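This is what each chain is made of:
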Protein chains: 4
Amino acid sequence: WLVVNDRLQTANDERLMSIPIAILGASGYTGAETIRLLLGHPQVRIAALTADAQAGKPMLELYPHLAFADLPELVRIEAVDFSAVDAVFCCLPHGTTQQVIAGLPSHLKIIDLSADFRLADVQSYAQWYDHAHQAPQLQREAVYGLTEQARREIKEARLVANPGCYPTSVLLPLMPLLASGLILKEGIIIDAKSGTTGAGRSARQTMIFSEISGGLSAYGVGHHRHTPEIEQGLSRAAGEAVSVSFTPHLVPMSRGILSTMYVTLAPGADALAARECLQDIYRHEPFVRVMPQGVAPSTHEVRGTNECRIGIFADRVPGRAILVSVIDNLVKGAAGQAVQNFNVMMGFPEPLGLTATALFP
Amino acid sequence: WLVVNDRLQTANDERLMSIPIAILGASGYTGAETIRLLLGHPQVRIAALTADAQAGKPMLELYPHLAFADLPELVRIEAVDFSAVDAVFCCLPHGTTQQVIAGLPSHLKIIDLSADFRLADVQSYAQWYDHAHQAPQLQREAVYGLTEQARREIKEARLVANPGCYPTSVLLPLMPLLASGLILKEGIIIDAKSGTTGAGRSARQTMIFSEISGGLSAYGVGHHRHTPEIEQGLSRAAGEAVSVSFTPHLVPMSRGILSTMYVTLAPGADALAARECLQDIYRHEPFVRVMPQGVAPSTHEVRGTNECRIGIFADRVPGRAILVSVIDNLVKGAAGQAVQNFNVMMGFPEPLGLTATALFP
Amino acid sequence: WLVVNDRLQTANDERLMSIPIAILGASGYTGAETIRLLLGHPQVRIAALTADAQAGKPMLELYPHLAFADLPELVRIEAVDFSAVDAVFCCLPHGTTQQVIAGLPSHLKIIDLSADFRLADVQSYAQWYDHAHQAPQLQREAVYGLTEQARREIKEARLVANPGCYPTSVLLPLMPLLASGLILKEGIIIDAKSGTTGAGRSARQTMIFSEISGGLSAYGVGHHRHTPEIEQGLSRAAGEAVSVSFTPHLVPMSRGILSTMYVTLAPGADALAARECLQDIYRHEPFVRVMPQGVAPSTHEVRGTNECRIGIFADRVPGRAILVSVIDNLVKGAAGQAVQNFNVMMGFPEPLGLTATALFP
Amino acid sequence: WLVVNDRLQTANDERLMSIPIAILGASGYTGAETIRLLLGHPQVRIAALTADAQAGKPMLELYPHLAFADLPELVRIEAVDFSAVDAVFCCLPHGTTQQVIAGLPSHLKIIDLSADFRLADVQSYAQWYDHAHQAPQLQREAVYGLTEQARREIKEARLVANPGCYPTSVLLPLMPLLASGLILKEGIIIDAKSGTTGAGRSARQTMIFSEISGGLSAYGVGHHRHTPEIEQGLSRAAGEAVSVSFTPHLVPMSRGILSTMYVTLAPGADALAARECLQDIYRHEPFVRVMPQGVAPSTHEVRGTNECRIGIFADRVPGRAILVSVIDNLVKGAAGQAVQNFNVMMGFPEPLGLTATALFP
């Protein structure tokens, strides 16, 4: 079996020739998930990890599951030698991100996982985030990175705004249906349910186990910040302004988003046509699965993977259809799609580093 | 403190004079929950418990938490002396229930927690439950027991069909709004989420902990059996046929239902008017709470109680509103409303035995 | 049913004659649990609730499940008129408690749920809590309130130190066995597992749902602060100093403690004798249950109740036995035992307000 | 980036030259986990999957998360062409396994994940499993596959008995300590806690989510079937018969085992020496980690990985030490160790296919 050992050796050598990247904001969940995925990526070398408040702390204290991996120390952003890095995954909080990115050297490819560059309209940003955008010129350059919808632009982009978790779960099923005219742009209702990692890792009384376990609640009813991002994507697909009802819920589970979407079919269209449309569009996609008729996907099926699974149902009410989509909010909803976009930007095969099977149960 | 001891003694004496009842089907979750509530009811004496397959088994094996309570043995229905019983809580599976109840002596007050007598239209029953109704004449006599809507009829009834859990969570908020004309009967969308006890206690692979924990799924999309019950109630309120989109979801928690309802406001109406309507209707109700503006209820708040809490929100989309209701599916959604109905039938104050505070956390 | 209405009226009248109490530190879980239990206590009137940082906040914000109960406003301790209060439940953090209690008027009966007065030896307190005890004279007066072991002293006490949750789960099974000489004082090993409410309600990153859910860990191995309290109780029972191995674990559930205890039987003793000993001692206790042979109790069985259940097993290794005990850490492990002690101090029947059946599932 | 595409192509080619294997009993959790791991193994091709009762069913029905993977159909064992297979992972229930394996062609390498060949003493097997062993001659040939302890024998073996989950978590920390004489063989106490997947996937009332969630219980106290397997390993290490106290508990989580072990140090030994012993032994092991002083591992850290992590603590009681070990019961406790053993048997590097980072949170 020398062949294998050789191949491992070769892999090792290639690794030395692989892309050096930095992860900014490695102490949050999206940062840690990016680390997890890139540790399994054969063409990436993690060259720098930053974490402001946690700089200098041992990984054992921050993330014990990463403690024995071959990783650089956590440093402050100022300590990173960006000349030795080709690409950056930016996992910083919104608001501070735009300033940090504005200060990065121009040779870097940047995948930004924050909300800062997702809204093309900086007025809309200002309205939903309560402060003026600090880097509007950079915003114009940014490409919205829903990979399946914008592959070509992402390939050429220097700065990719990685989509939000809720929007990803909604745009993948609905954009093709709007673009094809199979559903109406009026009366779209999105009832979304998320696990707790979507709320991040910061210490908050409302997020402790005793408060979450065994119960369910809606939040941000009628005014969640992912709404304009959803409407931006749907409007692009429809070719005109789309408004949606969007209600997120917090479910006692760590990972996963399930979005249930209630739509009105265009005259003459039916659920079958909608299924066929999505099947056609996504037939060759490695990460989008249209479920067979009558089958609703569960978040269990995509835990730890970059997949989005979509079920489509005729509603009892004539002329209406119901769609159910699931993703892992930390993977296709964050770090996984970021790696997918990185692969596109670098010319790698899209699934590189993203082929692991779901962890079930 | 002799006064207190006296009072306890008195309570004890009264208990001997209290209503002897039987619980049929005590081995399921609704049966056990009925036992739990009635053990705390000052005017009830549990005289008989039945459980077909489990008859003769010690309670320690069936429900250890009830093992040390003062309870009669589990027997088969045939072994019950109904002449020594005044009222019956029937917690049997649907289908068999109608025949059992048809065979009960006529002096009994009956609260049926199954689905068998909920649908006034036996054709509809036959269509949704795949067999002809076996006791249509009894169906005509049965009163649909949504207490807040049918108190007067329940007081006179011999047989009360206790509402389903999903319908209870939907009808309490929506019936008054339809009856008052504040919302339209078209385009009502109900996205409901339930804990696992709604699926009962029988052994099923899909319900084991490893399959449920950490994930979320939709089920019965477009064809759940609670749909006709919901539409029956809404149609009564609206005065004409109402069709709804209804999608239930299974949440990794034991108890609780949260229903998110998307409605279209009538011309001229707004969310404020809807709130005021519900506040007026439910002002003096002991078990229905309309939340203040901007506040969404959580299932945590009603765990173990007979409460229904309702939040009302203006949607971003003009002319639309969103309602969020929560109940404990085993209490207001089953055994609690059954006890409430029993209290009405017996002329007791409605909250008797139902005043415990929610168990949180 | 006028009788019933009369009785309810009478209950109401009596309530006006009932004991006015204050709860200091009502914003934590033990405070909220004390409120929950006392709302169901027929001889108590909650006259004052304090919460330092949260004073003035509406209950809806703090504890929505208590929002519609008839409760006084949350005020700062300084605002309480203690002359209008007969008894105080003190749910403050350890350290500050001793000073607060030292400043309370002497007519008050005090049940302290903190750790401040549990250790009779103030040197031991200083060693385990890293600061000198601020009220050593008060410590001398305090009675350790493990109700089943100290009923007589509690009845006469002005200040009762309510036991910790872990110690309660350990002392109830082991004290009688040590006192009777059936087990040796050497080599006692206690492996304890707790739900998350034992860690309180404060915002900590390590306690958020995403960190706790789906996993298990040991903590404080070899140096948990409940160790000296356990050893104090066991030493009293044994009549000489006892040292134990004690390891607590954090389980992904909200409520409940399960302690597994490994003991060496005295020469000539066996597990059967140990069971009989406990059965004899606890035969007439309302809140301690010795399980039948071969049956291990689960925390499910005691959720929301003041019960302690104990299973006893012969070990495979000759001469050894294994005990398993369960309690609800917030009830028998905190607020429930506090109410039980209050009942003893006031001369009420011990189970008053504590008779609710476990909430299962 | 042709290099990369080339490499992927090469990987693909190699895959065609890779080892064809069969998984018998693919419908249980250990079967599905073996599939998950082998789908990521670069030198394996899954050639056959069997599942008796489920044969012919689409994977979408059985395991939706595997539905879109490139997998053969589920067939009955009789339908497998074993001449086209080089190795077999046997995930069948104990009892039936021994007969199935006895009937397999002799060219096959077999890793058996059941309990059937773990106990070298067939009398002991008969005693604990209530029936005579059906293949005692095969038992003599079988190698007990705790990889770190038996690598050399495993390399030469045709039939490897893959260790049980509890024994793996206990033997890795304790065998070296016994072998080195640092701890005594008397008085070893093992308090183990497992997630629910250890109980398998069959439908049982006691395992449904509503029964498990929110609570904790001990089971099989004093007579769990993993006891003789633990004692067999410890006795081999000690060179004389060892008896242990072993109590398993069922924790409301899907994956993970945490074992807390209480041991007596040999005269002159201390916890530091024990740590150094384990560090020496496991220094170059890819899957065993000795935690730094004062740090206890959590099951979170090993979820989805083949790691065992071990913490060592001096007990307060002089002369005693406490060890805490964690594994993922489905990986190092079952399918992962099976793949590790397969790698050893085939001469592959041990970590091949087992390098994924833990899925946290």
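Details of the structure are given in the entry above.
Residues numbered from 1 in each chain as written. Chains lettered and ligands numbered in written order. Predicted model: local features only at pLDDT ≥ 70, side-chain atom pairs only at ≥ 80, totals over all residues. Heavy atoms only, no water.

K.L.:
Describe the packing of aromatic side chains, listing the residues and the values that go with them.
P.N.:
The final tally for this structure, using the stated rule, is 22 aromatic pairs over all chains. Taking 4.7 Å as the distance between ring centres and 15 degrees as the angle between the ring planes, the aromatic pair formed by Tyr125(A) and Tyr129(A) counts as stacked. Here Tyr129(A) and Tyr125(A) lie together in helix α5 (residues 122-129), a separation of 4 residues that amounts to about one turn. Owing to a relative accessible area of 7%, Tyr129(A) belongs among the buried residues under this scheme. Where Tyr166(D) meets Phe246(D), the ring centres are 5.3 Å apart and the plane angle is 75 degrees; that geometry is what we call edge-to-face. With Tyr166(D) in helix α8 (residues 165-179) and Phe246(D) in strand β10 (residues 244-250), this residue pair connects regions lying 80 residues apart in the sequence. For Phe246(D), a relative accessible area of 2% gives the class buried. (Phe/Tyr/Trp six-rings, centres within 6.5 Å; stacked < 30°, edge-to-face > 60°. Helix = DSSP H or I, 4+ residues; strand = E, 2+ residues; numbered from the N terminus. Buried < 20%, exposed > 50% of the residue type's maximum accessible area, 1.4 Å probe, protein only.)

K.L.:
An account of the relation of the copies chain A and chain B is needed here, citing residue identities and associated values.
P.N.:
When chain A is fitted to chain B, the best match, at an RMSD of 0.0 Å, comes from turning it 180 degrees and sliding it 0.0 Å along the axis. Both copies are brought into coincidence by an operation consistent with a two-fold rotation axis. The share of interface residues of chain A whose copies in chain B are also at the interface is 100%, consistent with both copies meeting through the same surface. (Least-squares fit on C-alpha atoms with pLDDT ≥ 70 in both. Contact = heavy atoms within 4.5 Å.)

K.L.:
Could you give an account of the relation of the copies chain B and chain C, with specific residues and numbers?
P.N.:
Both copies of the chain are tied together by a single rotation about an axis and a shift running along it. Each copy superposes on the other: chain B lies on chain C with an RMSD of 0.0 Å after a rotation of 180 degrees and an axial shift of 0.0 Å. A symmetric contact is evident, with 100% of the interface residues of chain B recurring at the interface of chain C.

K.L.:
I'd love a proper account of the sheet that holds strand β4 (residues 87-90) of chain D, names of residues and values included.
P.N.:
Here 7 strands make up an open sheet; going across it, the order is β3-β2-β1-β4-β5-β7-β6 (chain D) and the pairing parallel. If you trace the sheet from one side to the other, it starts and ends with β3 (74-75) and β6 (143-144) of chain D, each paired once. (Pairing = 2+ DSSP bridges.)

K.L.:
Tell me about the packing of helix α2 (residues 29-39) of chain D against helix α12 (residues 331-346) of chain D, and please be specific about residues and values.
P.N.:
Residue and element names in this part refer to chain D. In the contact formed by α2 and α12, the axes pass within 9 Å of each other and the chain directions differ by 45 degrees. Relative to α12, the element α2 is oriented oblique. The interaxial crossing formed by α2 with α12 has right-handed handedness. Along the contact surface, α2 presents Thr-30, Glu-33, Thr-34, Arg-36, Leu-37 and Leu-38, while α12 presents Val-331, Ala-334, Ala-335, Gly-336 and Val-339. (Axes fitted to C-alpha atoms, helices over the stretch in contact; angles between N-to-C directions. Parallel < 35°, antiparallel > 145°, perpendicular 65-115°, else oblique. Left-handed = near helix turned anticlockwise from the far one by under 90°.)

K.L.:
I'd like to hear about the environment of Gly181(D), residue by residue, with values.
P.N.:
Among the secondary structure elements, Gly181(D) is positioned in the loop between α8 and β8 (188-194). Sequence-wise, Gly181(D) and Gln134(D) are 47 residues apart; in three dimensions their C-alpha atoms are separated by 37 Å.

K.L.:
Describe empty space enclosed by the protein, and please don't skip the residues or the numbers.
P.N.:
Taking a probe equal in size to a water molecule and rolling it over the atoms shows the remaining empty space. What the rule picks out here adds up to 2 cavities of 30 Å³ or more. One number sums up the size of the largest cavity: a volume of about 630 Å³. Around the largest cavity, the lining comprises 39 residues; the ones closest to its centre are Phe209(A), Pro252(A), Ser213(B), Phe209(C) and Ser213(C). Looking at the lining of the largest cavity residue by residue, the class counts come to 19 nonpolar, 12 polar and 8 charged. Here the second largest cavity defines a volume of roughly 30 Å³. (1 Å grid on protein atoms, 1.4 Å probe; cavity = no way out; pocket = protein on both sides within 12 Å on 5 of 7 lines; lining within 4 Å. Points joined across faces, edges and corners; volume = space filled by probe spheres on them. Nonpolar A, V, L, I, M, F, W, Y, C, P; charged D, E, K, R; others polar.)

K.L.:
How would you explain the interface of chain B and chain C if you had to name every residue and give the values?
P.N.:
Contact with chain B, which involves 43 residues of that partner, is made by 44 residues of chain C. A combined buried area of about 3900 Å² lies between chain B and chain C, and 69% of that area is made up of carbon and sulfur atoms. At the boundary of chain B and chain C, one finds 0 salt bridges. Counting across the interface, chain B meets chain C through 4 residue pairs in polar contact (both at pLDDT 80 or more). Looking at the side of chain B that touches chain C, the elements with two or more residues in it are α1 (2-16) and α2 (29-39) of chain B. Residues of the side of chain B that touches chain C, tallied by class, amount to 26 nonpolar, 7 polar and 10 charged. (Buried area = accessible area lost by both parts, 1.4 Å probe. Salt bridge = Lys/Arg side-chain N within 4 Å of Asp/Glu carboxyl O. Polar contact = N/O pair within 3.5 Å; in protein donor to acceptor, adjacent residues only side chain to side chain.)

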